[in-house]
Every structure is written in C-alpha cells, then in structure tokens.
Amino acid sequence: MRPYLYIILSLLFLSSCGNKEETKIPRFKVKPEVPAQILKDHNRFLERLKPITSYEDSTGIVARELYEVMEFHFKEEEDYVLPPLGILPSLAKGELPEESKKVIQLTEKFRKNRDVMLAEHQMIKHFLEEMMAVAAKENHPELSGYDEELEKHSELEEEILFPAVLVIGDYLKLKEEDL
C-alpha cells in the first residue's frame, strides 16, 4: 500500500508548485469563520489521537503519521475550504458579504485543489485503517469507534460541506454579475 501513498504525496507536491498568486489566500477585513461545530470536531479528533502518538508500538507509529496528515489537512480546510460556510446564515437572509470577491477567491482556490483535498482524505483513510488494524492486534480498546467517527466526518465533508462551498462561490459569482 506504500506505493499508493507515494503517488498521492507526489500529486500533493506537484499541485503545490502552481502559480503562487493563484494559491494565495486573500486578506480579509473580517474573514468568514468556519462554523464552530466543524472546528470542535477537528479539535476533538486531534485531541483524541494525540495521546496515541506517544505509544511506543506500531499503533503509536501509525498514529503519528495519521496525526501529521490530519493536522495539515484540517489546517488547509480551516484556512480556505470551510470559511465560506460561515456566510451561509447571511446568505439565507438575503444578505451578501462585503467582501464577496474574496470569498469567491477562496471557493475558486478550493475548486482548483479539490482533488488534492480528496486525495488527502484517502491518505487519512489509509493511515486510519492501518492504525485500527494494528491497534486491534496490540489490544488498544481506547480507539474503539474512532475510525467510524472520522469516516462519518469525512463523508459529511465530501457529500455536503465541500459541494456547499462550491455552490456558495457560484451563487456569489451570479450575484456579482447582477450588480
């Protein structure tokens, strides 16, 4: 399974070599906030995994790899993927954000990097499966259910949150054209 990870890592590296201007996150006066529940979930997943990374067995080794990938991935999501969701309550009231163009930039950055984000989900899934398998062999019941919770979170992002971010960007583009 390791060659698969090297392919994904190569894809991630190559995608980061693009035009730096395109990959820049715009500066906001007030950046839209990632919904609090998503931040709580990200923190909870990392906090639950953190003590496992100190184990001196195979579970700890894989947990460290998983933690590193998850921490990086969550930061990316919180920097530019999920903030547009913070404007949903305003959009539902018919209000447009002052800095619509910058929100559109975030959604376009995500649109360009969507495949990379999904590849990172696959890396996380791989390390998660590996960790759960060795944790079962090494008798670590404290990890029970962790995989199911993280997989539900990933499915929520892929099936609902990620598409919603893209729809927000498309909606704002249409509204900008009307002005």
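In case you missed it, the structure is sitting above this.
Since the structure is predicted, the reported quantities are computational estimates derived from the model, not experimental observations. (Residues numbered from 1 in each chain as written. Predicted model: local features only at pLDDT ≥ 70, side-chain atom pairs only at ≥ 80, totals over all residues. Heavy atoms only, no water.)

Trainee: When you look at the overall build of the protein in this model, what are you seeing that I'm missing?
Mentor: Secondary structure assignment for the protein yields 7 helices and 0 strands. Listed by position from the N terminus, the elements making up the protein come as α-α-α-α-α-α-α. Taking all 179 residues of the protein together, the buried fraction comes to 41%. Pairs at least 24 residues apart make up 84% of the contacts formed inside the protein by residues separated by at least 6 positions. Just so you have it, the protein exposes about 10400 Å², and 56% of that area is on carbon and sulfur atoms. (Helix = DSSP H or I, 4+ residues; strand = E, 2+ residues; numbered from the N terminus. Buried < 20%, exposed > 50% of the residue type's maximum accessible area, 1.4 Å probe, protein only. Contact = heavy atoms within 4.5 Å. Areas by Shrake-Rupley, 256 points an atom, 1.4 Å probe, with all protein chains shown as cover.)

Trainee: Hey, could you run me through the pattern of salt bridges in this one?
Mentor: Side-chain pairing between opposite charges can occur once the charged atoms of the two side chains come close. Inspection of every chain in the model, using the stated rule, returns 10 salt bridges. Close ionic contact of E108 with R111 constitutes a salt bridge, the shortest N to O distance being 3.2 Å. Of this pair, E108 and R111 both sit in helix α6 (residues 100-137), 3 residues apart, which is roughly one turn of that helix. Residue classification places R111 among the partly exposed residues on the basis of a relative accessible area of 32%. (Salt bridge = Lys/Arg side-chain N within 4 Å of Asp/Glu carboxyl O.)

Trainee: I'm lost on the nonpolar core in this one. Help?
Mentor: Nonpolar side chains in soluble globular proteins tend to end up buried together. Residues L49, L66, M70, M131, Y146 and L150 are the most contacted members of the largest nonpolar core, which totals 22 residues. Mapped onto this core, the elements with two or more residues apiece are α3 (36-49), α4 (58-81), α6 and α7 (146-178). No other element matches α6, which puts 8 residues into this core. Core analysis: the next-biggest nonpolar cluster, separate from the first, contains 19 residues, I38, V81, V103 and V165 among them. (Core = buried A, V, L, I, M, F, W, Y, C linked by side-chain atoms within 4.5 Å.)

Trainee: Before we go on, may I ask you to explain the environment of L88 in this structure?
Mentor: When you line up the elements, L88 lands in helix α5 (residues 88-92). Separated by 80 residues in sequence, L88 and I168 have C-alpha atoms that sit 8.0 Å apart.

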